[in-house]
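Per-entry structural report
Below, each chain spelled out in residue letters.
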Amino acid sequence: MSQNFGSPFNQFPGAPSQQGGGADSRLSPQGPAVQLVNSMIGDAVRASASDIHIEPRKDKMEVRFRIDGVLQTWRDLQKDLQDTIVARIKVMADLDINEKRLPQDGRITVSFPGKSLDMRISSLPVLYGEKVVMRLLDRSMSVRPLEALDFSPHNKAAFDELIHQPLGLLLVTGPTGSGKTTTLYSALNVLRSKTTNIVTCEDPVEYDMEGINQSQVFERIGLTFARQLRAILRQDPDVILVGEIRDAETAEIAFRAAMTGHLVLSTLHSNDAPTSVTRLIDMGVPPFLISSGLIGMVAQRLVRRLCPACRRQGPPTPRQAALLSISTTDPIWHPVGCQKCEGTGYKGRIGVHEVVSVDERFQRLIMDRATGSELRRAAQQTGMVPIREDALMKIRAGLTSAEDVIRQVYIRVDDYDTASPAPGAPAAETTPEALAAGAVPAALPQPQA
Ligand SMILES: [Zn+2]
């Protein structure tokens, strides 16, 4: 679907002036490529897009924006502009404009009054040219208060308790773009004070926060998360935010820091909260470290918020009912589309979560290298409301739709312990056994990368 993002910027403020543009007049500040790239970035910023995709097709170049997690076409451009547009972006990101066979990555920082925009650029040679993705990072975005994170009261209480622990490691898990860092920064916002030393190491720094010390890792010059974290530990920290745990070395330092009197907050790619444990063990982290350092886990996804002006109530489809274990006569809310939401039926996004507080029993299970489903069951018995139930509550409240939840939230039928349903769990119309036996012919949603 095409969207009109308003008139293009003619002069994108702060856009770098011509750097090594060579003799190609199309790369001059007035050239069409420069103008187009400027208006592309300007429109993406105004539309609050998270990414710009520049995609070479057989006979055109398509430019799409990711807005609220979904790609939308901005414009189709003439094929003959492709090379100069890609060259322009490469010049801005200091990439090799002559290298068209290998993937490259770089970054562009533009500042203009009251705003600093950091863009991660990556190029990938595909069949009809080089595809470029620009990830936009607006560091001037204000940190959201904890109350605005859409936690259910049950989850908010559990999360609040976890972030006020004096020491230990708290993990937020989810795929890229699920708002993990936003959640951790809301926690830092609560924790920062004149008497606390908060230090972050990130790649890149995603928010600009007053009163804390934010540092950036730079792997290309050997400044890895692990190295930066060791340096931070010599800085007398109280609270440490590690942008992401990607390797065993970083994980081990983070766990040791958590066991020696620091509160460590970090993120991890895993499908759900309990299985972050198995993910860490697979990474090579010794179970005793996880068991003694880990205090809690939060899994989160962002789903689209239904437009309140046009949403309608109605029964779920049989597939939605089966996947969410609700009755086909149980009314839920659906997207419609109106002028206020530009025909999409949605406006903004909302978080759905599950929160696990690690107790003694859970610690023992970690030491025993329990399976993911054993850990899930234990987490539910200690009060974790599975993310699917949290999402279902929000579907019933008309905040989001079944289709978006099914699209975004990883639902696996064996994730649920039917013997002891979580508090607030609905009566199952379709049991997991029935689902496993083929009650849902359509493919189940797959975990996200
Ligand atoms: Zn609407």
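Here, the structure is the one placed above.
So, a few notes on the structure that sits alongside this text. All values derive from a computational prediction rather than experimental measurement.

The relative placement of two packed helices comes down to the angle between their axes together with the axis-to-axis distance. At a minimum axis distance of 10 Å, the contact between helix α10 (residues 360-367) and helix α11 (residues 372-381) shows a crossing angle of 175°. The pairing of α10 with α11 is recorded here as roughly antiparallel in orientation. Here Arg361, Phe362 and Leu365 of α10 come into contact with α11, specifically with Glu374, Leu375, Ala378, Ala379 and Gln381. Residues of the contact of α10 with α11, tallied by class, amount to five nonpolar, one polar and two charged.

Let's shift gears to the sheet that holds strand β9 (residues 213-216). The seven strands are arranged β9-β8-β10-β11-β7-β12-β15 in an open sheet whose pairing can be described as mixed. Here the strands that pair on one side only, and so sit at the sheet edges, are β9 and β15 (346-357). Within this sheet the neighbouring strands show an average axis-to-axis angle of 20°, counted without direction. Of the strands in this sheet, β7 (168-173), β8 (198-202), β9, β10 (239-242), β11 (263-268) and β12 (294-306) touch helix α4 (residues 180-191), which is tilted by about 165° from β11.

So, about the pairing of strand β6 (residues 129-138). Burial of β6 is extensive: eight of the 10 residues sit out of reach of the surface. Sheet topology places strand β1 (residues 51-56) next to β6; four bridges connect them, and they run antiparallel. Paired with His53 across the two strands is Val133, which belongs to β6. The pairing of strand β5 (residues 115-126) with β6 spans 10 bridges and is classified as antiparallel.

Turning our attention to the packing of helix α1 (residues 32-46) against helix α2 (residues 82-92). Relative to each other, α1 and α2 sit at 70°, their axes nearing to 9 Å. Relative to α2, the element α1 is oriented roughly perpendicular. The element α1 and its partner α2 pack so that their crossing is right-handed. Mapping the contact onto sequence places Ala33, Val34, Leu36, Val37, Met40 and Ile41 in α1 and Thr84, Ile85, Arg88, Ile89 and Met92 in α2. Its residues assigned to classes, the contact of α1 with α2 shows nine nonpolar, one polar and one charged.

Our focus in this paragraph is helix α3 (residues 153-163). Taken together, the buried positions of α3 are Asn155, Ala158, Phe159, Leu162 and Ile163. For α3, the angular spread of the buried residues around the axis is 130°, confining them to a single face. Opposite the packed face of α3, turned more than 90 degrees from it, sit the exposed residues Pro153 and Glu161. For α3, the elements touching its buried residues are β7, α4, β11, β12, β15 and α12 (387-396).

Surrounding the zinc ion are the protein donor atoms Cys307 (SG), Cys310 (SG), Cys338 (SG) and Cys341 (SG), which sit 2.3 to 2.4 Å from the metal. Classification of the site at the zinc ion rests on its four donor atoms, whose angles at the metal span 106 to 113°, yielding the label tetrahedral. Taken in chain order, the donor set of the zinc ion reads C-x2-C-x27-C-x2-C. Pair noted here: Cys307 is in the loop between β12 and β13 (312-314) and Cys338 is in the loop between β14 (332-334) and β15, with a separation of 31 residues, a long-range link.

Here we come to the pairing of β12. Regular strands show a simple pattern: their side chains alternate between the two faces of the sheet. Burial runs high along β12: 12 of the 13 residues are buried. In this structure, β7 lies alongside β12, joined through five bridges in parallel fashion. Considered in β12, the bridge of Thr173 is made with Ala299. As paired elements, β12 and β15 share 10 bridges and run antiparallel to each other. Bridge pairing links Val303 to Ile350 in β15.

Calculation criteria
- Residues numbered from 1 in each chain as written.
- Predicted model: local features only at pLDDT ≥ 70, side-chain atom pairs only at ≥ 80, totals over all residues.
- Heavy atoms only, no water.
- Axes fitted to C-alpha atoms, helices over the stretch in contact; angles between N-to-C directions.
- Helix = DSSP H or I, 4+ residues; strand = E, 2+ residues; numbered from the N terminus.
- Parallel < 35°, antiparallel > 145°, perpendicular 65-115°, else oblique.
- Contact = heavy atoms within 4.5 Å.
- Nonpolar A, V, L, I, M, F, W, Y, C, P; charged D, E, K, R; others polar.
- Pairing = 2+ DSSP bridges.
- Buried < 20%, exposed > 50% of the residue type's maximum accessible area, 1.4 Å probe, protein only.
- Left-handed = near helix turned anticlockwise from the far one by under 90°.
- Arc of directions from axis to C-beta.
- Donors = N, O, S within 2.8 Å, 3.2 Å for Na, K, Ca; no water.
- Tetrahedral: all angles 85-135°; square planar, octahedral: opposite > 155°, others 65-115°.

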